[in-house]
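So the chains spell out like this:
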Amino acid sequence: MDQETSISPPLSWKESGTGSPIVFIHAFPFDSGMWEAQLTGLRSGWRGLAVDLPGFGGSPARDGVSSLDGYADDIAETMIAAGATPAVICGLSMGGYVALSLYRRHPEAVCGLILCDTRAGADEQGRRLERLRLAQRTRVDGMQPICDEMLPHLISITTRISRPSIATRVGDAIRATDPESAALALTAMAHRADSTETLRTIEVPTLVIVGSDDEITPPGESQVLTRGIRGARIEIIDDAAHLSNLEQPEAFNRVVNTFLSSNEMDATE
Ligand code: MLT
């Protein structure tokens, strides 16, 4: 009998296109579905893979403990199973925390970084306690408390008034999330490592993206990332808050595709 050599991936993913890989890591408490417009809008020559973190979308939940470093290890394993190493890693918010952990733990898997609406620092003590309290509440009351707390800050007020369907879609996505997996992710974020020291070790082309109206990870946090990473560039997406890729997909795709077509990243060369 043939020896079994294939690795079974710990995570599920959606994908589009062929060529050099770019891996998208979603925000909390969403799944790979939040990258739909990026998978369909990716420039030719690139293969997009949007992963589901454990317990989100199609990925199996973890029993008991989760950590962002564990999520990063799962992504590295999944990338090998998918034949997608090394890749450009694009993470938004929690996805950005995981992208920095992935770079720290598996630098050989990363040939470029896109850090969106995220930050390098760990939680302050007060924020950590709030998160742990919200995790407890989520286990008792389900996803509605998270929806009530986050929704007003995820999408800009202009979009909420002019395109209410976007806020409806985001609210529906939050409520569809498994509460136990959300509680584990909140706990994982509360205990995440500070990635500030990682920034100066980054040696791959890096793009930083932030919505002009982001209140959760404000543009100042993106300036810290840009100043800390050698050669990094920043793009500010106007009329967008925290979920800049959902709120302004065309502008977001434009800056991503321009970055991917820049000299260092060109998949066709
Ligand atoms: C996210 O969008 O992933 C979360 O808002 C991140 C966070 O709460 O720190």
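Asker: Help me understand the layout of surface pockets, please; the structure alone is not making it clear to me.
Answerer: Any empty space left between the atoms is revealed when a probe the size of a water molecule rolls over them. What the largest pocket holds in volume is close to 380 Å³. Around the largest pocket, the lining comprises 21 residues; the ones closest to its centre are Tyr-97, Arg-119, Arg-127, Arg-131 and Ile-216. Elements that contribute at least two residues to the lining of the largest pocket include exactly helix H3 (94-105), helix H4 (125-141), helix H5 (144-154) and helix H8 (179-190). Partitioned by chemical class, the residues of the lining of the largest pocket number 10 nonpolar, 3 polar and 8 charged. In this structure, the second largest pocket is lined by 15 residues; those nearest its centre are Phe-30, Asp-31, Gly-33, Met-34 and Ala-173. A per-element tally of the lining of the second largest pocket places helix H7 (residues 164-175) first, with 3 residues. Class assignment of the residues belonging to the lining of the second largest pocket gives a composition of 8 nonpolar, 4 polar and 3 charged.

Asker: So what exactly am I meant to see when it comes to the site of the ligand here?
Answerer: In the neighbourhood of the ligand, the contacting residues comprise Ala-27, Phe-28, Ser-93, Met-94, Tyr-97, Arg-127, Arg-131, Met-150, Met-189, Ile-216 and His-242. A distance of 2.7 Å separates an oxygen atom of the ligand from a polar atom in the backbone of Phe-28. The separation between an oxygen atom of the ligand and a polar side-chain atom of Arg-131 is 2.7 Å. Taking 270 Å² as the accessible area of the ligand by itself, protein coverage stands at 97%. The cavity where the ligand resides is the largest pocket.

Asker: Explanation requested: the nonpolar core in the structure shown.
Answerer: Across soluble globular proteins, nonpolar side chains show a tendency to be buried alongside one another. Membership of the largest hydrophobic core comes to 81 residues, with the highest contact counts inside it found for Ile-22, Phe-28, Ile-75, Ile-89, Ile-114 and Val-170. The leading source of residues in this core is H3, at 7 residues. For Ile-22, the contacting residues outside a window of four places in its chain are Leu-42, Trp-46, Arg-47, Gly-48, Leu-49, Ala-87, Val-88, Cys-90, Ile-114, Val-256 and Leu-260.

Asker: Before we go on, may I ask you to explain a negative patch on the surface in this structure?
Answerer: There is a patch of like negative charges on the surface, built from Asp-213, Glu-215, Asp-238 and Asp-239. With respect to the helices and strands, the residue Glu-215 is situated in the loop between strand S6 (206-211) and helix H10 (219-228). Residue classification places Glu-215 among the exposed residues on the basis of a relative accessible area of 53%.

Asker: Looking at this structure, I do not really get the sheet that holds strand S4 (residues 87-92). What am I missing?
Answerer: Pairing is mixed in the open sheet, where 7 strands are placed in the order S1-S3-S2-S4-S5-S6-S7. Edge strands, defined here as strands with exactly one partner in the open sheet, are strand S1 (13-16) and strand S7 (233-237). Neighbouring strand axes in the sheet, compared pairwise and without regard to direction, differ in orientation by 20 degrees on average. Sheet topology note: the strand S2 (residues 20-25)/S4 ladder contains 4 bridges and is parallel. Looking at the pairing, Ile-22 lines up with Val-88 of S4. Lying over the sheet, H10 contacts strand S5 (110-116), S6 and S7, oriented at roughly 170 degrees with respect to S6. Taken strand by strand, helix H12 (residues 249-260) contacts S2, strand S3 (46-51), S4, S5, S6 and S7, and its axis lies near 170 degrees from that of S6.

Asker: Sorry if this is basic, but what is going on with the pattern of salt bridges here?
Answerer: Scanning the entire structure with this criterion turns up 15 salt bridges. Note that Asp-69 and Arg-105 form a salt bridge whose closest N and O atoms lie 3.5 Å from each other. Here the residue Asp-69 occupies a position in helix H2 (residues 68-81), and Arg-105 occupies one in helix H3, the gap between them amounting to 36 residues. We classify Asp-69 as partly exposed; its relative accessible area is 27%. Arg-105 gets classed as partly exposed once you look at its relative accessible area, which sits at 39%. A salt bridge links Glu-221 to Arg-119, with the shortest nitrogen-to-oxygen separation between them at 3.4 Å. Placement of the pair is Glu-221 in helix H10 and Arg-119 in the loop between S5 and H4, with a sequence separation of 102 residues. A relative accessible area of 23% places Glu-221 in the partly exposed class. Each of Asp-69, Asp-73, Arg-104 and Arg-105 takes part in a single network of salt bridges with overlapping partners.

Asker: Any chance you could explain H4 here in plain terms?
Answerer: For an α-helix the count is 3.6 residues per turn, leaving residues at separations of three or four pointing the same way. The end-to-end C-alpha separation of H4 is 24 Å, in line with the 24 Å expected for 17 residues at 1.5 Å each. Those residues of H4 that sit buried are Arg-131, Leu-134, Ala-135 and Thr-138. End-on view of H4: buried residues confined to an arc of 110 degrees, all on one side of the axis. Counted as exposed and oriented over 90 degrees from the buried face of H4: Arg-133, Gln-136 and Val-140. In the stretch just after H4, Gly-142 is the one whose phi turns positive, near 80 degrees.

The rules behind the values
- Residues numbered from 1 in each chain as written.
- Predicted model: local features only at pLDDT ≥ 70, side-chain atom pairs only at ≥ 80, totals over all residues.
- Heavy atoms only, no water.
- 1 Å grid on protein atoms, 1.4 Å probe; cavity = no way out; pocket = protein on both sides within 12 Å on 5 of 7 lines; lining within 4 Å.
- Points joined across faces, edges and corners; volume = space filled by probe spheres on them.
- Helix = DSSP H or I, 4+ residues; strand = E, 2+ residues; numbered from the N terminus.
- Nonpolar A, V, L, I, M, F, W, Y, C, P; charged D, E, K, R; others polar.
- Near = heavy atom within 4 Å.
- Polar contact = N/O pair within 3.5 Å; in protein donor to acceptor, adjacent residues only side chain to side chain.
- Areas by Shrake-Rupley, 256 points an atom, 1.4 Å probe, with all protein chains shown as cover.
- Sits in = over half its atoms within 2 Å of the grid points.
- Core = buried A, V, L, I, M, F, W, Y, C linked by side-chain atoms within 4.5 Å.
- Buried < 20%, exposed > 50% of the residue type's maximum accessible area, 1.4 Å probe, protein only.
- Contact = heavy atoms within 4.5 Å.
- Patch = residues over 30% accessible without salt bridge, like charges linked within 9 Å, V, L, I, M, F, W, Y side chains within 5 Å.
- Salt bridge = Lys/Arg side-chain N within 4 Å of Asp/Glu carboxyl O.
- Lys, Arg positive; Asp, Glu negative; His and termini not counted.
- Charge placed at Lys NZ, Arg CZ, Asp CG, Glu CD.
- Pairing = 2+ DSSP bridges.
- Axes fitted to C-alpha atoms, helices over the stretch in contact; angles between N-to-C directions.
- Expected span 1.5 Å × (residues − 1).
- Arc of directions from axis to C-beta.

Keep in mind these values describe shape, not function.
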